[in-house]
Amino acid sequence: MSHHRANTCAAVGTTQAHNGKVVAGQNAFFATTALLGALLADKRTKQGLNFTATVGQELSEFARAGLLAGIVFTMLFLANTLTSCIQMAKKVVAYCKENAEDTKPRSDKKFPATHIVPLKNLCAFAAIESFQLTFSPMCQTFAAPLVIGQLFGFKGLLMLVSGGNSVCFSLNMFLINSGQAWDAARKYVLFGMLKDKNGDIVGTDSQEYETLGIGEQIGGPLEDLTGPALNNFIKFVAVVSFVTSHMYDEFPNNTWQLGIAQVFIQFSLISFFKFGLAATVQAIDRFYRRRKEAIEYEEGTAMLREIEEMEKKLASKKVVEKEEADLQLV
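So, how was this worked out
- Residues numbered from 1 in each chain as written.
- Predicted model: local features only at pLDDT ≥ 70, side-chain atom pairs only at ≥ 80, totals over all residues.
- Heavy atoms only, no water.
- Helix = DSSP H or I, 4+ residues; strand = E, 2+ residues; numbered from the N terminus.
- Buried < 20%, exposed > 50% of the residue type's maximum accessible area, 1.4 Å probe, protein only.
- Contact = heavy atoms within 4.5 Å.
- Areas by Shrake-Rupley, 256 points an atom, 1.4 Å probe, with all protein chains shown as cover.
- Phe/Tyr/Trp six-rings, centres within 6.5 Å; stacked < 30°, edge-to-face > 60°.
- Core = buried A, V, L, I, M, F, W, Y, C linked by side-chain atoms within 4.5 Å.
- Salt bridge = Lys/Arg side-chain N within 4 Å of Asp/Glu carboxyl O.
- Axes fitted to C-alpha atoms, helices over the stretch in contact; angles between N-to-C directions.
- Parallel < 35°, antiparallel > 145°, perpendicular 65-115°, else oblique.
- Left-handed = near helix turned anticlockwise from the far one by under 90°.
- Nonpolar A, V, L, I, M, F, W, Y, C, P; charged D, E, K, R; others polar.
- Patch = residues over 30% accessible without salt bridge, like charges linked within 9 Å, V, L, I, M, F, W, Y side chains within 5 Å.

A.B. asks: Explain the overall build of the chain to me, please; I cannot follow it from the model alone.
C.D. replies: When you go through the chain residue by residue, the secondary structure sums to eight helices and zero strands. Mapped in sequence order, the helices and strands of the chain form the string α-α-α-α-α-α-α-α. Looking at the 330 residues of the chain, the share that counts as buried comes to 33%. Taking all contacts inside the chain whose residues are at least 6 apart in sequence as the whole, residues at least 24 apart take part in 83%. Entry remark: accessible area of the chain is about 20,900 Å², with carbon and sulfur atoms responsible for 65%.

A.B. asks: Please clarify how the packing of aromatic side chains should be interpreted in this entry.
C.D. replies: Each aromatic ring pair is described using two quantities: the centre-to-centre distance and the angle formed by the ring planes. Counting across every chain of the model gives eight aromatic pairs. Ring geometry for phenylalanine 29 versus phenylalanine 30: centroids 5.4 Å apart, planes at 70 degrees, classification edge-to-face. The class for phenylalanine 29 is partly exposed, based on a relative accessible area of 22%. Where tyrosine 95 meets phenylalanine 125, the ring centres are 4.2 Å apart and the plane angle is 10 degrees; that geometry is what we call stacked. Of this pair, tyrosine 95 sits in helix α2 (residues 61–98) while phenylalanine 125 is found in helix α4 (residues 116–133), placing the two residues 30 residues apart along the sequence. For the pair formed by tyrosine 95 and phenylalanine 125, the shared burial category is buried. Taken together, the aromatic side chains of Phe29, Phe30 and Phe169 make up a single cluster linked through ring pairs.

A.B. asks: Got a minute to help me understand the side chain of glutamate 250 in this structure?
C.D. replies: Relative to the helices and strands, glutamate 250 resides in the loop between α6 (207–243) and α7 (256–299). Glutamate 250 sits in the buried class, given a relative accessible area of 19%. Once residues lying within four places of it in the same chain are set aside, the contact partners of glutamate 250 are Arg44, Gln47, Gly153, Phe154 and Lys155.

A.B. asks: Would you mind going over the nonpolar core with me for this structure?
C.D. replies: One broad rule of soluble globular proteins: the nonpolar side chains tend to lie buried together. Counting residues in each nonpolar core, the largest one holds 27 residues, and the members touching the most others are Phe73, Ile148, Leu157, Leu160, Leu230, Phe233 and Val237. Looking at this core, the elements that each hand over two or more residues are α1 (2–46), α2, α5 (135–190) and α6. By residue number, the principal contributor to this core is α5, which donates 13 residues. For leucine 157, the contacting residues outside a window of four places in its chain are Leu39, Pro145, Ile148, Gly149, Ser241 and Tyr248.

A.B. asks: What is the right way to read the pattern of salt bridges from this model?
C.D. replies: Pairing between side chains becomes possible if they bear opposite charge and their charged atoms approach one another. Summed over the entire model, instances satisfying the criterion amount to two salt bridges. For the salt bridge of glutamate 129 with lysine 91, the shortest nitrogen-to-oxygen distance reads 3.0 Å. Remark: lysine 91 occurs in helix α2 and glutamate 129 occurs in helix α4; sequence separation between them is 38 residues. Assigned by exposure class, glutamate 129 and lysine 91 land together as buried.

A.B. asks: What should I look at first to understand the packing of α2 against α4 in this one?
C.D. replies: Geometry of a packed helix pair, given as the angle between the helix axes and the separation of the axes. With their axes 10 Å apart at the nearest point, α2 and α4 run at an angle of 150 degrees to one another. Taken together, α2 and α4 sit at an angle that is classed as roughly antiparallel. Between α2 and α4 lies a crossing of right-handed hand. Across the interface between the two elements, Ser84, Gln87, Met88, Lys91, Val92, Tyr95 and Cys96 of α2 pack against Asn121, Leu122, Phe125, Ala126, Glu129, Ser130 and Leu133 of α4. Of the residues contributing to the contact of α2 with α4, the split by class is eight nonpolar, four polar and two charged.

A.B. asks: When you look at a nonpolar patch on the surface in this model, what are you seeing that I'm missing?
C.D. replies: A cluster of nonpolar residues, Leu68, Ile71, Val72, Met75 and Leu76, forms a patch on the protein surface that exposes about 430 Å² of accessible area. Its place among the elements puts leucine 68 in helix α2. The class for leucine 68 is exposed, based on a relative accessible area of 55%.

A.B. asks: Would you take a moment to explain the environment of leucine 212 for this structure?
C.D. replies: Tracing the backbone through its elements, the reader meets leucine 212 in helix α6. When its relative accessible area of 16% is taken as the criterion, leucine 212 is described as buried. Note: C-alpha distance between leucine 212 and aspartate 183 (29 residues apart in sequence) is 8.1 Å. Not counting residues up to four positions away in its chain, the partners in contact with leucine 212 are Trp182, Ala185, Arg186 and Val189.

Structure representation (structure tokens):
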């Protein structure tokens, strides 16, 4: 009975979490729309125009370029976020393999004390690595309005926010719902609700459950990371556009050179944060590690540590030999 109640609560909780993500996507869409109206009103007021008297007109080439840029920047952010997620997963797996002693549960403790130290080590590693991976998407978010506003003018900037808002909302709903579909399908099997043609329950040892596990590995990042990340992306784009609106002219006759310069500057920053930052941190870490090892060698600390490890190995070897001897006597 308790197992059934736990499954019911889990199903309700998953549904509510999914609904919350959907509502967050809608909130981001309406908030960005409001910021877009405020951006237009602020700019037209500063120009001495009546923004309420704005009438429809044919899109200029700059507006169409800004609309296309909104789609392109959204897709680039999506790809950047997904690759960062995959890269983070690979780093965690590599860390667990290289530091098996620090990440495996302790055998001399009882649960939950067995997992406290491993979780502490994993959280410390993941916090530092994930923080490094946030710089590249964040830099890309700030780059979008700066590049498009100076390259295509204020009209291009308006269409960047407008087009990006629509694309982000559509992609967000798609990614969240598709990811939730994989997650819900696997939990459908986990809760014992799937039955075969004979009426027997399909359990967690089935091929269906294993296949859905692969699907959940794909759907998880889409539902929990990439989809919600688009909300922050478009809201930051709108806020940065509003704050820096004084930097953009109606037409880019005097600012397109700065826009091209921004392309190279932002591309260099994004590339560095994406690839160069980790290499720089690793180089600094190796330098300080070698320096620490040299100091320990001079002070004799390394030799003492080696002696302690050797004593532990000998002690554990004696325990094993004693257990084997006791078994032979029995």
